[in-house]
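# Observations on chain architecture
Okay, here's what each chain looks like letter by letter:
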There are 2 protein chains.
Amino acid sequence: MLYLVGLGLSDETDITVKGLEVVKKCARVYLEAYTSVLLVPKETLESYYGREVIVADREMVESNSDEILRDSANVDVAFLVVGDPFGATTHTDLVLRARELKIPVSTVPNASIMSGIGACGLQLYNFGQTVSMVFFTDNWRPASFYDRIKENREIGLHTLVLVDIKVKEQSLENMARGRLIYEPPRYMTVGQCAAQMIEVEEDRKEGVCTKDSLAIGAARVGGKTEKFVCGTLEELCDADDILGPPLHSLVLLGRRSHELERDYIREFALNKENFDKIWEADYGKQQ
Amino acid sequence: MLYLVGLGLSDETDITVKGLEVVKKCARVYLEAYTSVLLVPKETLESYYGREVIVADREMVESNSDEILRDSANVDVAFLVVGDPFGATTHTDLVLRARELKIPVSTVPNASIMSGIGACGLQLYNFGQTVSMVFFTDNWRPASFYDRIKENREIGLHTLVLVDIKVKEQSLENMARGRLIYEPPRYMTVGQCAAQMIEVEEDRKEGVCTKDSLAIGAARVGGKTEKFVCGTLEELCDADDILGPPLHSLVLLGRRSHELERDYIREFALNKENFDKIWEADYGKQQ
């Protein structure tokens, strides 16, 4: 049996009781460690589970999944995923491959950032499609997120923006020379995300995510040090120190916001006076 | 401290290790039992936790929340919620009230149907806003869901439809006579939901959810007996026997579906020939 086990959002104790029982009985335990990360290192998980944990990087999962599935028609194999196992596309692939090989699959769900973000006080019912934001480079600034956010905004919905993480990345020079030397991991911050949104807005000028658009910056959702701030995108550009270490996410507010949502998020406002002024002018319009 | 603890989707072992530790140490433990239910009775939870669990019905949570919060500035109180604590609006209210009373609040996230539905193989990124479907009566047939689904469909997105549950409901006669006698709980099925969607479509005729629209019926998501079927809304009207007992949910497919999604859900098709024909004609259009 292949078990896909969600680990939740924060530390080793966010696994479910059911998930922990699975991990303890499996012959091999893999940890998917490139679409998201927990706030604790692999060694903490190993000592908590009393088990060796094999890190599965993108290459292994996408190009060598048969190694993960090896012999799992006969022995139990656990594939651990931060958040919920079906948060990322990759794992659907793994299940499809297991189906081809007639390997039974069982899933242990857990909290995902897609639902955990509800802790910021915005109603999950009022979210449109989720978008991803990658690190811009000098010659690669993909702006497809802008069209998606625009679709959400036109019907008044919030948008969860998941920000890039880069783990096990090679520098161009090391890649060119074939040296398997990896750069330190990089985690996009709310400030970087907000700045890139404003940059694309200044190019497109369709009023989708302006300097004055309200948003929530979220850090370490579901963890003991969870932190939310609320402000304009311009204010959020400079709020990384308040938010603290990764992982970050951002929510751009939709106009169809409810007063209950306002009451909840106002507590997180960087500047309550500014928040009230902008809310009054632009938000809380029931459609 | 007030702890909001998510219980996940299925049985007593879906609580996280962190959540179980909280439940064991709290002075009082409440179970919110009206926006959703686990697949096991309260008594199973009590024996698993080794603790008394107080059922909090809608009236208690909405009108008498100060009883739940009583003394929680000094002792720890746990409020257990099926799924994730922020899945339902009600609990935002409870936190706002705790804030007023200067009671610290801590949240233990868990799987929610809003993310757990990803197990059906449709990508969470491709979902628009979530809608609710209530039991229609002779003179109450709210159709606001139709407009919301229409918004999602127009931009090609999937829609999760959460179906009604009725617990602790009085009959009109018992209510009129002031008798506190409650009807047996009722859980809407995928078949009932699909039939109501078709009914409203036949009235509105905007092509939002026709007999031939593809959808997924989901039962007991996250549980050992989890079951998915895929078919047209008309086919799903008669698939309740295949799906089995509650809880059910439905996903109406959006047209911006990916081939990987098709490959995954085709396995669940009630009629693969029909599925292929409709998919080919109407779905898989990248926008």
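Cut-offs applied
Along each chain, residues carry numbers from 1 onward, in the same order as the chain's sequence is written. Throughout, the order in which chains and ligands are written sets their labels, letters from A for the former and numbers from 1 for the latter. Selection of residues for local features in this predicted model requires a pLDDT of at least 70, selection of side-chain atom pairs for listing and counting requires 80 or more, and totals for whole chains, interfaces and linings are taken over all residues. Only heavy atoms go into the side-chain values, all of them from the structure, while hydrogens and water stay out. Secondary structure elements follow DSSP: runs of H or I of four or more residues count as helices, runs of E of two or more count as strands, with numbering from the N terminus. Here, two residues are considered to be in contact whenever any of their heavy atoms come within 4.5 Å of each other. Note on exposure labels: buried denotes an accessible area under 20% of the residue type's maximum, exposed denotes more than 50%, and partly exposed covers the range between, all computed with a 1.4 Å probe on protein chains only. Each pair of strands is called paired provided DSSP finds at least two bridges between the two strands. Axis angles are defined between N-to-C directions and span 0 to 180 degrees, where every axis is a line fitted to C-alpha atoms and, for a helix, only to the segment in contact. All copies are superposed by least squares; the fitting set is the C-alpha atoms of residues with a pLDDT of at least 70 in both. UniProt positions are given in the numbering used here, feature names are shortened, and annotations may be inferred rather than shown by experiment. Residues are said to line a cavity or pocket when one of their atoms sits within 4 Å of a point; the points come from a 1 Å grid over protein atoms alone, cavities being sets where a 1.4 Å probe fits but cannot get out and pockets being open sets with protein on both sides within 12 Å along at least five of seven lines. Grid points are joined across faces, edges and corners, and a volume is the space filled by probe spheres set on the points. Here the nonpolar group is Ala, Val, Leu, Ile, Met, Phe, Trp, Tyr, Cys and Pro; Asp, Glu, Lys and Arg are the charged ones; every other residue, Gly included, is treated as polar. Comment: arc refers to directions from the helix axis out to C-beta atoms. Computed with a 1.4 Å rolling probe, the buried area is the accessible surface lost when two parts are put together, summed over both parts. Counted as salt bridges are all cases of a side-chain nitrogen of Lys or Arg within 4 Å of a carboxyl oxygen of Asp or Glu. The start and end points of each domain follow an automatic or database-based domain assignment. Only buried residues count toward a nonpolar core. Its members are Ala, Val, Leu, Ile, Met, Phe, Trp, Tyr and Cys residues joined through side-chain atoms within 4.5 Å. Residue-level confidence of the predictor, termed pLDDT, takes values from 0 up to 100. Exposure above 30% relative accessible area and no salt bridge define the residues that can form patches, which grow by joining like charges within 9 Å and nonpolar side chains of Val, Leu, Ile, Met, Phe, Trp and Tyr within 5 Å. Areas reported here follow the Shrake-Rupley algorithm with a probe of radius 1.4 Å; residue values treat only the protein chains shown as occluding. Charge assignment in this entry is limited to Lys and Arg as positive and Asp and Glu as negative, and neither His nor the chain termini are counted. For charged residues, the charge sits on one atom: NZ in Lys, CZ in Arg, CG in Asp, CD in Glu.

Before going further, it helps to examine the environment of Asp76(B). All names here are of chain B. Along the chain, Asp-76 falls in the loop between helix H4 (65-69) and strand E4 (77-81). Remark: the alpha-carbon pair of Asp-76 and Ala-111, spanning 35 residues in sequence, is separated by 23 Å. In this view, Asp-76 contacts Met-1, Tyr-3, Lys-25, Cys-26, Ala-27 and Arg-28; residues no more than four positions away in its chain are not counted.

What follows concerns the environment of Leu252(B). All names here are of chain B. Its place among the elements puts Leu-252 in strand E12 (residues 248-252). For Leu-252, a relative accessible area of 0% gives the class buried. For the pair Leu-252 and Ser-36, spaced 216 residues apart in the sequence, the C-alpha separation amounts to 21 Å. Among all residues touching Leu-252, those that are not within four sequence positions of it are Ile-149, Arg-153, His-158, Thr-159, Met-197, Val-208, Cys-209, Ser-213, Leu-214, Ala-215 and Leu-233.

With that settled, consider the sheet that holds E12(B). All names here are of chain B. The 5 strands are arranged E6-E7-E12-E10-E11 in an open sheet whose pairing can be described as mixed. At either end of the open sheet lies a strand with only one pairing partner, and these are strand E6 (131-133) and strand E11 (227-232). Here the strands of the sheet are splayed against their neighbours by 25 degrees on average, with no regard to which way each runs. Sheet strands touched by helix H7 (residues 144-154): E6, strand E7 (159-163) and E12. Its angle to E6, the strand with the most contacts, is close to 145 degrees.

Moving on: the relation of the copies chain B and chain A. Turning chain B through 180 degrees and shifting it by 0.0 Å along the axis lays it on chain A, with an RMSD of 0.0 Å. Such values leave the two copies arranged in the relation of a two-fold axis. A shared interface surface links the copies, since 100% of the contact residues of chain B are contact residues in chain A too.

A cis geometry characterises the amide bond from Pro246(A) onward to Leu247(A), with omega recorded as 0 degrees. Positive phi, close to 65 degrees, is recorded for Asp71(B), a residue that is not glycine. Examined against the element boundaries, Asp71(B) turns out to sit in the loop between H4 and E4. Although it is not a glycine, Lys205(B) adopts a positive phi angle of roughly 55 degrees. For Lys205(B), a relative accessible area of 65% puts it in the exposed group.

This part covers the UniProt feature "binding site: S-adenosyl-L-methionine" (unreviewed entry) in chain A. Per the UniProt record, "binding site: S-adenosyl-L-methionine" (unreviewed entry) is annotated on Leu9(A), Asp84(A), Gly87(A), Ser112(A), Ile113(A), Val163(A), Val221(A) and His248(A). For the second largest cavity, the lining residues drawn from the annotated set are Val221(A). Relative to the elements of secondary structure, Asp84(A) occurs in the loop between strand E4 (77-81) and helix H5 (90-100). On the accessibility criterion, Asp84(A) (4% relative accessible area) is buried. Among residues more than four places away in sequence, those in contact with Asp84(A) are Pro109(A), Asn110(A), Ala111(A), Ser112(A) and Ser115(B).

Summed over all chains, the structure comprises 2 cavities of 30 Å³ or more. In this model, the largest cavity occupies a volume close to 220 Å³. Lining the largest cavity are 16 residues, and of these Met114(A), Phe127(A), Gly128(A), Met114(B) and Gly128(B) lie nearest its centre. Split by residue class, the lining of the largest cavity holds 10 nonpolar, 6 polar and no charged. The volume enclosed by the second largest cavity comes to roughly 30 Å³.

Along helix H12 (residues 259-266) of chain A, the residues that are buried comprise Leu260(A), Glu261(A), Tyr264(A) and Ile265(A). The buried residues of H12(A) occupy an angular sector of 120 degrees when projected down its axis, which confines them to one face. Those residues of H12(A) that are buried lie in contact with strand E10 (214-219), strand E11 (227-232) and helix H13 (272-282) of chain A together with helix H5 (90-100) of chain B.

Let us look at the interface of chain B and chain A. Tallying the contact residues gives 51 residues for chain B and 51 residues for chain A. Across the interface of chain B and chain A, roughly 4,600 Å² is buried in total on both sides, 57% from carbon and sulfur atoms. Of all residues in chain B, Lys18(B), Tyr125(B) and Tyr264(B) bury the most surface against chain A, accounting for 15% of the area lost on that side. Summed over the shared surface of chain B and chain A, the result is 8 salt bridges.

Residues and elements named next belong to chain A. Under the domain assignment, chain A is made up of domain 1 (2-111) and domain 2 (114-283). Counting residues at the interface gives 11 residues for domain 1 and 13 residues for domain 2. With both sides pooled, the region where domain 1 packs onto domain 2 buries about 830 Å², and carbon together with sulfur makes up 65% of that total. Looking at the side of domain 1 facing domain 2, the largest losses of area belong to Leu-9, Val-37 and Leu-39, adding up to 47% of the total buried there. Along the contact surface separating domain 1 from domain 2 lie 0 salt bridges.

Here the focus is the nonpolar core. Judged by nonpolar contacts, the single largest core of 94 residues is most densely connected at Phe79(A) and Phe79(B). The residues contacting Phe79(A), other than those within four sequence positions of it, are Leu2(A), Tyr3(A), Leu4(A), Val5(A), Tyr30(A), Glu32(A), Ala56(A), Val61(A), Ile68(A), His91(A) and Leu94(A).

Attention now goes to the confidence of the model for chain A. The predicted model of chain A averages 93 in pLDDT, with 99% of residues at 70 or higher. As scored by the predictor, the complex reaches a pTM of 0.94 and an ipTM of 0.93.

This paragraph deals with the pairing of strand E1 (residues 2-6) of chain B. Look at any regular strand and the pattern is simple: side chains alternate between the two faces of the sheet. Residue and element names in this part refer to chain B. For E1, the tally of buried residues reaches 5 of 5 residues, placing the bulk of the element in the interior. Side chains of E1 alternate between two faces, with Leu-2, Leu-4 and Gly-6 and Tyr-3 and Val-5 buried alike. Sheet topology places E1 next to E4; 5 bridges connect them, and they run parallel. Directly across from Leu-2, in E4, lies its bridge partner Val-77. Of the strand pairs in this sheet, E1 and strand E5 (residues 105-108) are connected by 4 bridges, and their pairing is parallel. Following the sheet pairing, Tyr-3 is matched in E5 by Ser-106.

Negative charge collects at one region of the surface, where Asp212(A), Glu234(A), Asp238(A) and Asp241(A) lie side by side. By the element assignment, Asp238(A) lies in the loop between helix H10 (233-236) and helix H11 (240-243).

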